[in-house]
Amino acid sequence: MIGYTAGMTAFWIMAALMTALAGLCTLAGARRGADGEETVSAEAELAELDRLKARGLLDEAAWTAARAESGRRILVSDRVTAPVRAGTRDRLMVLGGLACTAAAALVLYVLVGTPGLPDQAYERRVDQWTTELETLQPPQVAAVAARVVKDRPNDHEALAMLGAARFQAGDPIGAASAFRRALALKPDDAQSWARLGESLTRANDGVVGGDAEAAFAQALRRDPGQLGARYFLGEAALARNEVDRVRAMWGPLIAALDPADPRRLDLQRRMPGAPE
């Protein structure tokens, strides 16, 4: 509770300082006002041209052309903009608006938030998540799975579950680590090999690299029915323009998919030698 009180005190001090700084910046800008557009003086401009002509630096034609251009430019830009100044009442309105905003934020926090609730330790949150598995988001499921693996580090099923949870949570590197640990315990698990390859592929922005391709090959060697591994091996072969390899990988996959499955239609369209 002491840590919570100190943390909230620091939060409100920082919030007050940021509000004061925002007010100071706003008032400083208002005090300076808006810079008026630069006014072009016709007399000074034309007098300078006359001096240049008198000194022989401009001939008659050049002087006439310069005066005409100067006059045109002066007609376009010759206007005076009064600078905007902030009066005492304006500054009070700005400060009042900032104060009202800060007060409204505080009231909203008191009404909607739980200012009296102490911070809940991460481990306690994970304890709570273990009783709410059906309502958890993927990162929370991954945290629960990590807890299980921590208690049972040599449990292959727990490691496979952790890898799948991390994959769903958008952590392909962590997923690959979990699947590697699972395969160290059970190297003949074709599904873990396939999931390892998928994790490595996602971590590589969708490109099937050498490590991922090796993992998919291990999966297919142990279980020819690993259709996901076939798909990615076909992708790797297609990138290298290995036509026979693509057909060997994707042929059984196409045959296994329902004729109305859009994935089957896509594979048939991309198969080398397919009609345009």
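Anyway, here's the lowdown on the structure attached to this text. (Residues numbered from 1 in each chain as written. Predicted model: local features only at pLDDT ≥ 70, side-chain atom pairs only at ≥ 80, totals over all residues. Heavy atoms only, no water.)

1. Some points on the pattern of salt bridges
So, point 1. Counted by the stated rule, this structure contains eight salt bridges.
So, point 2. Here Arg-152 ties to Asp-155 by a salt bridge, and the two come within 2.8 Å at their closest N and O atoms.
So, point 3. With relative accessibility at 45%, the residue Arg-152 sits in the partly exposed group.
So, point 4. Residues participating in the shared-partner salt-bridge network are Glu-235, Asp-266, Arg-269 and Arg-270. (Salt bridge = Lys/Arg side-chain N within 4 Å of Asp/Glu carboxyl O. Buried < 20%, exposed > 50% of the residue type's maximum accessible area, 1.4 Å probe, protein only.)

2. Let's talk about helix α8 (residues 172-185)
So, point 1. Taking 1.5 Å as the rise per residue, α8 with 14 residues should run 20 Å; its terminal C-alpha atoms sit 20 Å apart, in good agreement.
So, point 2. All buried positions along α8 are accounted for by Pro-172, Gly-174, Ala-175, Ala-176, Ala-178, Phe-179, Ala-182 and Leu-183.
So, point 3. On its buried side, α8 packs onto α7 (156-168) and α9 (190-203). (Helix = DSSP H or I, 4+ residues; strand = E, 2+ residues; numbered from the N terminus. Expected span 1.5 Å × (residues − 1). Contact = heavy atoms within 4.5 Å.)

3. Remarks on the side chain of His-156
So, point 1. Locating His-156 in the fold gives a position in helix α7.
So, point 2. Residues contacting His-156, with those up to four places away along its chain left out, are Ala-182, Leu-185, Lys-186, Asp-189 and Ser-192.

4. Quick notes on the nonpolar core
So, point 1. Of all hydrophobic cores here, the largest spans 28 residues; its most connected members are Trp-193, Leu-196, Val-208, Phe-216, Trp-250 and Leu-267.
So, point 2. Those elements that provide at least two residues to this core are α8, α9, α10 (210-222), α11 (227-239) and α12 (243-256).
So, point 3. Formed by nine residues, the second largest nonpolar core is a distinct cluster that contains Ala-142, Val-149, Ala-158 and Leu-162. (Core = buried A, V, L, I, M, F, W, Y, C linked by side-chain atoms within 4.5 Å.)

5. Here's the deal with the packing of α7 against α8
So, point 1. Here α7 crosses α8 at 160 degrees, and the two axes come no closer than 8 Å. It follows from the interaxial angle that α7 and α8 lie roughly antiparallel. Crossing of α7 over α8 shows left-handed handedness. Note on element contacts: α8 touches α7 through Gly-174, Ala-175, Ala-178, Phe-179, Arg-181, Ala-182 and Leu-185, opposite His-156, Leu-159, Ala-160, Leu-162, Gly-163, Ala-164, Arg-166 and Phe-167. (Axes fitted to C-alpha atoms, helices over the stretch in contact; angles between N-to-C directions. Parallel < 35°, antiparallel > 145°, perpendicular 65-115°, else oblique. Left-handed = near helix turned anticlockwise from the far one by under 90°.)

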